[in-house]
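Fold and contact review
Here is what each chain is made of, one letter per residue.
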Amino acid sequence: MTSTKRDCRRRVRPVSALPEHGVPAGEVLAELRAMRSGDLPTHGGRLFAYVYDPGLAGLDELAAAAHAMSAHVNGLDPTAFPSLLAMENDLVGAAAQVLGGDEHTVGSVTGGGTESLILAVKAARDGRPDVTAPRLVMPVTAHAALAKAAAYLRVALDTVPVDPVTLRVDPAAVAAAITPETVLVACSAPSYAHGLIDPVEPIAAAAAAAGVRCHVDACFGGWTLPYLRRLGEPVPPFDLSVPGVTSISVDLHKYAYAPKGVSVLLHRDERLRASQYFGYADWPGYTMVNPVISSTRSGGPIAAAWATLRHIGDDGYLALAAKTRDATAAIAGAVSKIQDLHVVPRESTVVAFMSSAVDLFVLADELAARGWHTQPQFRHGEIPASVHLTVTAAVAPRVAEFEADLAASVAAAREHGPVELPPGILDLLGAAAAESVGVEQLAGALGLGEGGALPERMAVVNSLLDAADPAVREKLLVAFLSLLQRPSRRP
């Protein structure tokens, strides 16, 4: 959650999930459709974050049918449901094929990129029982899910700064950050925020020289970068073909276009995966042995992913990558035409841009008013604020429309001018940093009320969050989410 963009027009009327009398199936589905009508669009190429749309007719229906066919299959015991075991092994084999694996490569299917990263950190931590105070080294641009993994697993986090202009990490700085307590070095292919590929080869070499595992977080781009390379794009080595890379993760619900949530975590060999497992037999029930965090797992998402890959095929993914590459270049070109918008050098399927003259949070509001949903990103240290656009194949037919609306949105943002924060609000931020003001008071000052009542435009809120210290920003957004997540009461 890098910014808050929902407004009061998209509030959902609460209903009782446990009514006194059961509701007919048709009425329940009608209610669900009504609730979904308030969501951001998952198809059509107008949402540049969160969802991945290939624009392929019939794919949703295929995935839904496959999901339904295996929804009640339980991944807890693969010996009871061999179909699920076979599909998981097929998905791991496909990921290994795409990401430089060999006959020794093993892996697991997880519920998403965060779970894959938590398990990568767990495997590295538990693989070094001699280290009593384990540490994780990564560039500051690495995904926040790695910080979450470190927090959950009580692994200390050492972040390495990047150049604020190039947004690149110096491999020598990563190497210098490795200590005897380091159990894992992580890097990105690409980083989510700006779409840049870390220098994996020298980072992995430094980790190997220190006897430390190296994980590549390719959750975001792992399914597109190999195909972009095959299309002639200058994609540097980043996967298991690189010496020193011991594990890599890729999300199939991103550019493999499977429904959420399915990710794959690969290890170079079985020895490295062994410490990922959890086993427990010291109780009267069945011996619990889990390769992933969940015990009971629905087979639905796995079957949907399996069906999606089978249907699209290698040649289909190559064609989708070409379409996405061209759309990304066209979107970047449209942004570059606008004076005072500066595009981050493009290495993947992300267009990220900055500006010192146009208020990007006002611009995001103007784009949203025209039906384009982007992801504003806050400044971090010397790294300026930016706007993130995840480009998918479905964006391709909408490039000209986006270009026209972008020009109109920039003109409107210039006319609006920079955001003026309410008087005294920055003092509240300082008080929050000193913990002399409650986060609910701050949430109220921002208009983040109980039940999700938000301002129609979010530029003021995002500008204040951008001005806040990261620790205060975290408190504020946690408080806001807590206000949203309150039980519905029976009418």
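As a reminder, the structure under discussion sits directly above these lines.
So, here is what we can say about the structure in this document.

Reading the values: the criteria
Residue indices begin from 1 for each chain and proceed along its sequence in written order. Two thresholds apply to this predicted model, a pLDDT of at least 70 for residue-level local features and 80 or more for giving and counting side-chain atom pairs, whereas whole-chain, interface and lining totals are computed over all residues. Note that the side-chain values use all heavy atoms of the structure and ignore hydrogens as well as water. To qualify as a helix, a DSSP run of H or I must reach at least 4 residues; to qualify as a strand, a run of E must reach at least 2; elements of each kind are numbered from the N terminus. Any two residues having at least one pair of non-hydrogen atoms within 4.5 Å are treated as being in contact. For the area figures, the Shrake-Rupley method with a 1.4 Å probe applies, and any residue is considered shielded solely by the protein chains shown. Think of it this way: Lys and Arg go in the positive column, Asp and Glu in the negative one, and His and the chain ends go nowhere. Where a charge sits is defined by one atom per residue type, namely NZ (Lys), CZ (Arg), CG (Asp) or CD (Glu). Grouping buried Ala, Val, Leu, Ile, Met, Phe, Trp, Tyr and Cys residues that are joined through side-chain atoms within 4.5 Å yields what is termed a nonpolar core. Burial status follows relative accessibility: with a 1.4 Å probe on protein chains alone, a residue under 20% of its type maximum counts as buried, one over 50% as exposed, and anything between as partly exposed. By definition, a salt bridge exists where a carboxyl oxygen of Asp or Glu is found within 4 Å of a side-chain nitrogen of Lys or Arg. Taken from the helix axis, the directions to the C-beta atoms give the arc we talk about. Nonpolar side chains (Val, Leu, Ile, Met, Phe, Trp, Tyr) within 5 Å and like charges within 9 Å form the patches, drawn only from residues with over 30% relative accessible area and no salt bridge. Helix axes use the C-alpha atoms of the stretch in contact, all axes being lines fitted to C-alpha atoms, and the angles between their N-to-C directions lie in the range 0 to 180 degrees. Each angle is binned into one of four classes, with values under 35 degrees roughly parallel, values over 145 roughly antiparallel, values of 65 to 115 roughly perpendicular, and all other values oblique. Crossing handedness is defined as follows: a turn of the near helix away from the far one that is anticlockwise and smaller than a right angle gives a left-handed crossing, while the clockwise case is right-handed. Throughout this entry, Asp, Glu, Lys and Arg are counted as charged residues, while Ala, Val, Leu, Ile, Met, Phe, Trp, Tyr, Cys and Pro are counted as nonpolar. The remaining residues, Gly among them, count as polar. Strand pairing requires that DSSP identify at least two bridges connecting the strands. Method remark: on a 1 Å grid restricted to protein atoms, a set of points is classed as a cavity if a 1.4 Å probe fits but cannot get out and as a pocket if it is open with protein on both sides within 12 Å along at least five of seven lines; lining residues have an atom within 4 Å of a point. Grid points are joined across faces, edges and corners, and a volume is the space filled by probe spheres set on the points. Convention used here: a crossover is right-handed provided that the path from the first strand, over the helix, to the second strand proceeds clockwise when the strands point away from the viewer.

1. Brief notes about the overall build of the protein
Counting its regular elements, the protein contains 16 helices and 13 strands. Excluding contacts between residues fewer than 6 apart, the proportion of contacts in the protein whose partners are at least 24 apart in sequence is 73%. Here the protein displays about 22,200 Å² of accessible surface, and carbon together with sulfur accounts for 57% of that area. One finds the centroid of the 40 positive side-chain charges in the protein at a distance of 3 Å from the centroid of its 51 negative side-chain charges.

2. So, the nonpolar core
Within the largest apolar cluster, 72 residues are counted, with the highest numbers of intra-cluster contacts made by Val216, Trp223, Phe238, Leu252, Tyr257, Leu266 and Tyr317. Here this core gets nine residues from one element, more than from any other, and that element is helix 10 (residues 300-336). Ignoring anything within four residues of it in the chain, the contact list for Tyr257 reads Tyr52, Asp53, Pro54, Leu59, Leu252, Thr308, Ile312, Tyr317, Leu320, Thr324, Thr392 and Ala393. Counting 35 residues, the second-largest nonpolar core is a separate cluster that includes Ala332, Val362, Met458 and Leu476.

3. Notes on the pattern of salt bridges
Under the definition given, this model contains 18 salt bridges. One salt bridge connects Asp126 with Lys122, and the closest N-O pair in it is separated by 2.8 Å. A residue pair is termed a helical-turn pair when its members lie 3 or 4 positions apart in one helix, as Asp126 and Lys122 do in helix 4 (residues 113-126) at four residues. Given a relative accessible area of 30%, Asp126 falls into the partly exposed group. In this structure Lys122 comes out as buried when scored by relative accessible area, which is 15%.

4. Regarding helix 5 (residues 144-153)
Those residues of helix 5 not exposed but buried are Ala145, Leu146, Ala149, Ala150 and Leu153. All buried residues of helix 5 fall inside an arc of 150° around its axis, so they share one side. For helix 5, the exposed residues set more than 90 degrees away from the buried face come down to Ala144, Ala151 and Tyr152. Positive phi appears at Arg154, one or two residues downstream of helix 5, with a value of about 55°.

5. Thoughts on a nonpolar patch on the surface
Judged by side-chain polarity, Phe278, Tyr280, Trp283 and Tyr286 come together as a nonpolar surface patch covering roughly 440 Å² of accessible area. Residue position: Trp283 is located in the loop between strand 8 (278-280) and strand 9 (288-290). In this structure Trp283 comes out as partly exposed when scored by relative accessible area, which is 42%.

6. Considerations on the packing of helix 11 (residues 360-369) against helix 12 (residues 399-416)
Running from N to C, helix 11 and helix 12 cross one another at 130°; their axes reach a closest spacing of 8 Å. What the angle tells us is that helix 11 and helix 12 run oblique. Here helix 11 runs over helix 12; the crossing is right-handed. In contact with Val362, Leu363, Glu366 and Leu367 of helix 11, helix 12 contributes Phe402, Asp405, Leu406, Ser409, Val410, Ala412, Ala413 and His416. Looking at the contact of helix 11 with helix 12 residue by residue, the class counts come to eight nonpolar, two polar and two charged.

7. A few points about the sheet that holds strand 10 (residues 342-343)
Taken in spatial order, the four strands line up as 10-11-13-12 in an open sheet, and their pairing is antiparallel. Looking at which strands have only one partner, the edges of the open sheet turn out to be strand 10 and strand 12 (375-377).

8. Some remarks on the pairing of strand 7 (residues 263-267)
Most of strand 7 is tucked away, with five of its five residues classed as buried. Alternating residues of strand 7 divide into Ser263, Leu265 and His267 and Val264 and Leu266, and every residue in both groups is buried. As paired elements, strand 1 (residues 106-110) and strand 7 share five bridges and run antiparallel to each other. Bridging from a neighbouring strand, Ser108 pairs with Leu265 of strand 7.

9. Focus on the layout of surface pockets
Here the idea is plain: a probe the size of a water molecule rolls over the atoms and shows the empty space left. One number sums up the size of the second largest pocket: a volume of about 440 Å³. Around the second largest pocket, the lining comprises 17 residues; the ones closest to its centre are His43, Asp60, Ala258, Pro259 and Lys260.

10. Some details on the pairing of strand 6 (residues 247-251)
With five of five residues buried, strand 6 is to be regarded as a mostly interior element. Alternating residues of strand 6 divide into Ser247, Ser249 and Asp251 and Ile248 and Val250, and every residue in both groups is buried. Pairing between strand 5 (residues 213-217) and strand 6: three bridges, direction parallel. Bridging across to strand 6, Val216 finds its partner in Ile248. For the crossover from strand 5 across helix 8 (residues 225-230) to strand 6, the handedness is right-handed. Note: strand 6 against strand 7, five bridges, orientation antiparallel. Paired with Ile248 across the two strands is Leu266, which belongs to strand 7.

11. Comments concerning the environment of Ala319
Its location among the elements puts Ala319 in helix 10. Owing to a relative accessible area of 49%, Ala319 belongs among the partly exposed residues under this scheme. With 65 residues separating them in the primary sequence, Ala319 and Pro384 have C-alpha atoms 35 Å apart.

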